[in-house]
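Report on the structure
As a plain string of letters, each chain reads:
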Amino acid sequence: MAKEKVIIETGWNLDNSYARLPEKFFSRLNPIPVRSPKLIILNYPLATSLGLNVQALQSKDGVAVLAGNRIPEGALPLAQAYAGHQFGHFTMLGDGRAMLLGEQITPQGERFDIQLKGSGRTPYSRGGDGRAALGPMLREYIISEAMHGLGIATTRSLAVVTTGESVIRETDQPGAVLTRVAASHLRVGTFEYVSKWGTLEDLRVLADYALHRHFPDVEAIENHYLFLLQEVVKVQAMLIAKWQLVGFIHGVMNTDNMTLSGETIDYGPCAFMDAYDPATVFSSIDIHGRYAYANQPHIAGWNLARFAETLLPLLHENVEQAVKLAQDVISNFTELNHSNWLEGMRAKLGIFNEEIEDEALIEGLLSMMEKYSADYTNTFRALTFDTGENTPLFDSIEFAQWHELWQARLGRQQEQKASSHQLMQNSNPALIPRNHRVEAALEAAVKQGDYSVMERLLDVLSKPYAHSSEQADYSTLPKQSTLPYRTFCGT
């Protein structure tokens, strides 16, 4: 009876549609209990939107669920199998340290995956310990919530719980479990896995499931699977454009890290650009720049081509016709992505309508920003308020000439200057999760047990378009360093 009471108070309302798929898609197992779980941070707004009781989640029994020590009623824990092209090379993968508890059905009838990350070894761990360190879990919490604040589709973080156990990386680090919330964890790599090791019927079942889960308005469409490909291309074209518009670099765009829902997933070696440079790479292992900022649209198209290949048997019984259908859809990605980016860049410059010269105006600004190593976010923030800054870019004759062209362009549209300013303010964030700010928050949390630095950072990141006075300090640049900022896989 006590267990039932806890479940009702907490608000878990779990379904398990993925667990009803063919068993080769996953492995059933429970999270491995941890020694001494302690709640570090709980996402109150997200918990409430999911229909969860935040007070109950903070109780001993609630924290036990978030740590994997207690299985909530209705859960059928499992680790998902998938494959993926990692840096272009195909390999078998799977949830090596994550387990899906189930799918929370919200009071609004929405469905979200609830996944524990760092919950122990699975059949897909490939020699790893299945655990996670506190620093990387807090980093995912910060960056994913910052992305949400920026209006970019993303998985989200519900909570981080320390385990009372150490994990060994380069040194002993405190262990932690992150609760990740996602529209689903269906990936391009999920389809690659089933295409490689499943049957045609398995593939059809998975595709039907993906359609029902994410694109249910398919009944009137003749070719359901072509529609699936088209919709995934659309959501990814929008997502990658939004990454580019805020200077976000994912760092590990393997096919297993591309979701069908169009959500950003896996916050390992990711970061945001400071100085504008299309060749920017943050990942410590991306030595050839495969996943550099400028390459992200190209890589997304490459990943989508791999997705299209898995669908070929479903697109048409004639192989040549199936290939042609797939190629026609994939060839649209570049144009869709570029169109989304161009629309977003116009908004960043306060432009409402379209002129053929707009792209040259935009590229002219970006070229100057690269030449003068101008900060990406702060440059557009300064343009928003048309204040200028004491930087080489704003002091240059080239910028003065460009500024005249920009003002003339704004003068050729019907909208008033106040409307352009509002459009820019809504399109240019006052701040991003600056790398040095994130590192300072993590150091205070992990080394000193001080979570106040992270909490203040999360607060300002939750409303990046407010342009409030308290955000000003968070937009300052780090001290110059001779060493490039590097991030690492393994979150």
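As shown above, the structure is provided for reference.
First things first, this report covers the structure right here in the doc.

What follows deals with helix H6 (residues 188–197). Most of H6 sits out of view: 7 of its 10 residues are buried. For H6, the set of buried residues is Val188, Gly189, Thr190, Phe191, Glu192, Tyr193 and Val194. Taken together, the buried residues of H6 touch strand E5 (83–86), strand E6 (89–92), helix H7 (200–214), helix H8 (224–246) and helix H9 (296–315).

In terms of nonpolar packing, the biggest core is built from 89 residues, with Leu138, Ile142, Phe191, Leu228 and Leu229 touching the most fellow members. Among the elements that line this core, the one with the most residues is H8, at 12 residues. Counting 31 residues, the second-largest nonpolar core is a separate cluster that includes Tyr276, Trp341, Ala374 and Tyr376.

Mapped onto the elements, Asn428 comes out in the loop between helix H15 (417–427) and helix H16 (435–448). Apart from residues no more than four positions distant in its own chain, Asn428 is found in contact with Lys348, Phe380, Thr384, Tyr465 and His467.

Moving on: the pattern of salt bridges. The tally for this structure, following the rule as stated, stands at 25 salt bridges. A salt bridge links Asp15 to Arg20; the nearest nitrogen and oxygen atoms lie 3.1 Å apart. Salt-bridge contacts for Arg111 lead to Glu103; the nearest nitrogen and oxygen are separated by 2.6 Å. The class for Arg111 is partly exposed, based on a relative accessible area of 30%. By relative accessible area, Glu103 is classed as buried at 1%.

This part covers the packing of H8 against H9. One can describe the packing of H8 onto H9 by two numbers: an axis separation of 10 Å at closest approach and a directional angle of 170°. Relative to H9, the element H8 lies roughly antiparallel. Contacts from Tyr225, Leu226, Leu228, Leu229, Val232, Val233, Gln236, Ile240, Trp243 and Gln244 in H8 reach Gln296, Pro297, Ala300, Leu304, Phe307, Ala308, Leu311, Leu314 and Leu315 in H9. A per-class count over the contact of H8 with H9 returns 16 nonpolar, 3 polar and no charged.

About the thresholds
- Residues numbered from 1 in each chain as written.
- Predicted model: local features only at pLDDT ≥ 70, side-chain atom pairs only at ≥ 80, totals over all residues.
- Heavy atoms only, no water.
- Buried < 20%, exposed > 50% of the residue type's maximum accessible area, 1.4 Å probe, protein only.
- Helix = DSSP H or I, 4+ residues; strand = E, 2+ residues; numbered from the N terminus.
- Contact = heavy atoms within 4.5 Å.
- Core = buried A, V, L, I, M, F, W, Y, C linked by side-chain atoms within 4.5 Å.
- Salt bridge = Lys/Arg side-chain N within 4 Å of Asp/Glu carboxyl O.
- Axes fitted to C-alpha atoms, helices over the stretch in contact; angles between N-to-C directions.
- Parallel < 35°, antiparallel > 145°, perpendicular 65-115°, else oblique.
- Nonpolar A, V, L, I, M, F, W, Y, C, P; charged D, E, K, R; others polar.

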